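Structural features, examined
Chain by chain, the residues:
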Amino acid sequence: MTERTNAARMHLFDESARHYAARFQDYLLHRLEQTHPPLRGPKTAHELDDATGPLITDEGLGYEAAYTAFTEVIATATIAMDHPRMLAYVPAAPTVASELMDSVIAASSIYAGSWMEASGVVHAENAALEWLSNLAGLPASAGGTFVAGATIGTLSALAAARDRYLNRHGDRPRRWRIAATREAHSSVAEAARVLDAELLTLPVNEDLRVSVDGLAQLGAEDLDGVFAVVGTAGTTNLGIVDDLAALAEFAERHQLWFHVDGAYGGAALAAPSVRANFAGIERCDSLVVDPHKWLFGPFDCCALLYRDPTQAVRAHQHDAGYLESLNNRREFNPADLAIHLTRRARGLPFWFSLAVHGTRAYADAVEAALSLTREVTQVIDDDPLLEVAHRPELSVIVFRRIGWEAQDYLAWEKRLLQEGVAFVASTRYGQETLARLCFVNPLTSMGDVRLILDDLRVDR
Ligand SMILES: *Cc1c(COP(=O)(O)O)cnc(C)c1O
């Protein structure tokens, strides 16, 4: 064999590739048809080392050993985020159609950073973005792209906001600042650190929404260096939708960029029963919504929308000689709208599933989680041992088990995962540790929830 054919060996679809393609296909089909995959849990690096032996060698493990390491050890040391009793943090619940398309993308070598190389893909992704944009009430000129997560989406949007401030004011202020309440997600603080900005903490009412009176008391002199205000459309911890109309008003009054973080809750724009809670969102300059959370897409996928995408292009366009032929096109290049260049076609699974099932199915699936939350709230209200700590607005419920201390909640979490029953995570609300459940998966039933609540009756 010559050096060259030897080098190309890995790229040929030979007999062993065909054999393992078939085995992976079986693996995929099995995983896709499991509605209740084993929950499992983490292992230590030491346990994993012992179980697999060396994972990379000079001569290669060969397909069989690598396949076995993956199926028996690596894949089993992960938690099934789409299990109907995975109710910690924000669960995932990708549709079968979205996962099928995600597998196809893996084999298609699509460069989705530019219109030229992926016009069809970007066009379809844009259709999915347009659905979200319309739900939010943004103008037809709005547009955006899909990024890995709301963290990078928010950072990209706030970088565009800072750029707009510079363009308007000519020079930089003494210090950059971003205004948000303390209920904002940690990704806002992270974006502030990256952008070398400080946080201006906006006052809240007892309901943890921004205080309109507090906003009115902030004069121009208090807002020195503030270039953006962030509102949260569904906080991760409690599912609170902030007073977006008041924040929009405030942003307009002071000519600030208004960014809305709908990473989790933005999905509920599709749900008629709670749509009114989002009033004011149509006035935002930018918005993030994670399809990998409550819009039933696979990881990792965040929709980033701008009211005026040209503001984003100005901040994010790559200026490189070899990219010149890609720029100056009427169709936006996704690469020019966020902090990235090379990009997976990560919005395509979301589009495909929307295309297959239609938007009404999405509205129904989001409503299913909302109505389950209402039912669970009723059950908790009726149980003398349990007490709702914060009335759910979306699909997060936080409640206490009378008589329990922090360590009891931790033991509860641990027990449920060890027994393979459920994955839940308690939370802190004020000084108190509390039970928290978050619903997004339409396969989660009241029966699933009862299994988890029953374990709260354990006394120790
Ligand atoms: C999950 C979440 C984020 C972060 O999103 P990633 O996709 O994990 O980067 C930001 N804001 C809120 C409200 C969230 O729930």
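Residues numbered from 1 in each chain as written. Predicted model: local features only at pLDDT ≥ 70, side-chain atom pairs only at ≥ 80, totals over all residues. Heavy atoms only, no water.

1. Some details on the pattern of salt bridges
- Within the structure shown, the criterion is met by 22 salt bridges.
- Of the charged contacts, one joins Arg-175 and Asp-224 as a salt bridge, the two residues approaching to 3.4 Å between their closest N and O atoms. Here Arg-175, found in the loop between helix 7 (150-169) and strand 2 (176-180), pairs with Asp-224, found in the loop between helix 9 (212-216) and strand 4 (226-232); they are 49 residues apart in sequence, far enough to count as distant.
- The partner of Asp-383 in a salt bridge is Arg-457, and the shortest N-O contact between them spans 2.3 Å. In this pair, Asp-383 is assigned in the loop between helix 14 (359-381) and strand 8 (386-390) and Arg-457 in the segment after helix 16 (446-454), connecting sequence segments 74 residues apart.
- Looking at Asp-383, the relative accessible area reads 11%, which means it is buried.
- Residues joined by salt bridges that share partners form a network here, namely Arg-174, Arg-175, Glu-198 and Asp-224. (Salt bridge = Lys/Arg side-chain N within 4 Å of Asp/Glu carboxyl O. Helix = DSSP H or I, 4+ residues; strand = E, 2+ residues; numbered from the N terminus. Buried < 20%, exposed > 50% of the residue type's maximum accessible area, 1.4 Å probe, protein only.)

2. Examining the site of the ligand
- Surrounding the ligand, one finds 13 residues, the nearest of these being Thr-151, Thr-236, Asp-261, Asp-290 and Lys-293.
- One nitrogen or oxygen atom from the side chain of His-292 is found 3.2 Å from an oxygen atom belonging to the ligand.
- Here an oxygen atom of the ligand and a side-chain polar atom of Lys-293 are 2.9 Å apart.
- Coverage of the ligand by the protein amounts to 85% of the 380 Å² it exposes when considered alone. (Near = heavy atom within 4 Å. Polar contact = N/O pair within 3.5 Å; in protein donor to acceptor, adjacent residues only side chain to side chain. Areas by Shrake-Rupley, 256 points an atom, 1.4 Å probe, with all protein chains shown as cover.)

3. What to know about the environment of Ile-110
- For Ile-110, the location among the structural elements is in the loop between helix 5 (96-106) and helix 6 (115-136).
- For Ile-110, a relative accessible area of 28% puts it in the partly exposed group.
- With 82 residues separating them in the primary sequence, Ile-110 and Ala-192 have C-alpha atoms 33 Å apart.

4. Description of the state of the cysteines
- Scanning the entire structure with this criterion turns up 0 disulfides.
- Sulfur of Cys-301: no disulfide; nearest cysteine sulfur belongs to Cys-302 and is 7.4 Å away.
- Exposure remark for Cys-301: the relative accessible area of 2% places this residue in the buried category.
- Cys-302 supplies the cysteine sulfur nearest to Cys-438, a cysteine that is in no disulfide, at a spacing of 17 Å.
- Cys-438 gets classed as buried once you look at its relative accessible area, which sits at 0%. (Disulfide = S-S within 2.5 Å.)

5. Overview of the sheet that holds strand 2
- Reading across from one edge, 1-7-6-5-4-2-3 is the order of the 7 strands in this open sheet, with mixed pairing throughout. The open sheet has two edge strands with one neighbour each: strand 1 (143-147) and strand 3 (197-201). Strand after strand, the sheet turns through a mean of 20° between neighbouring axes, direction not considered.
- Helix-sheet contacts for helix 7 involve strand 1, strand 2, strand 4, strand 5 (257-261), strand 6 (286-289) and strand 7 (302-306), and the interaxial angle to strand 4 is about 150°. (Pairing = 2+ DSSP bridges. Axes fitted to C-alpha atoms, helices over the stretch in contact; angles between N-to-C directions. Contact = heavy atoms within 4.5 Å.)

6. Brief notes about the side chain of Arg-164
- Tracing the backbone shows Arg-164 in helix 7.
- Assessed through its relative accessible area of 11%, Arg-164 is described here as buried.
- With near-sequence residues (within four places) excluded, Arg-164 lies in contact with Gln-255, Leu-256, Trp-257, Asp-285 and Gln-311.

7. Some details on the sheet that holds strand 9 (residues 396-401)
- Pairing within the open sheet is antiparallel, and its 4 strands lie in the order 8-9-11-10. One side of each edge strand has no neighbouring strand; the edge strands of this open sheet are strand 8 and strand 10 (427-429). For this sheet, the mean inter-axis angle between neighbouring strands, taken without regard to orientation, is 50°.
- Sheet topology places strand 9 next to strand 11 (residues 432-438); 4 bridges connect them, and they run antiparallel.

8. Focus on unusual backbone geometry
- A cis geometry characterises the amide bond from Phe-299 onward to Asp-300, with omega recorded as -10°.
- Structurally, Asp-300 can be placed in the loop between helix 11 (291-294) and strand 7.

9. A few points about helix 8 (residues 186-194)
- For helix 8, the full list of buried residues reads Ser-187, Val-188, Ala-191 and Ala-192. One side of helix 8 carries all its buried residues, which in axial view fall inside an arc of 145°. Seen from the open side of helix 8, the exposed residues pointing more than 90 degrees away from its buried face are Ser-186, Arg-193 and Val-194.
- Where helix 8 is buried, its residues contact helix 7, strand 2, strand 3, strand 4 and strand 5. (Arc of directions from axis to C-beta.)

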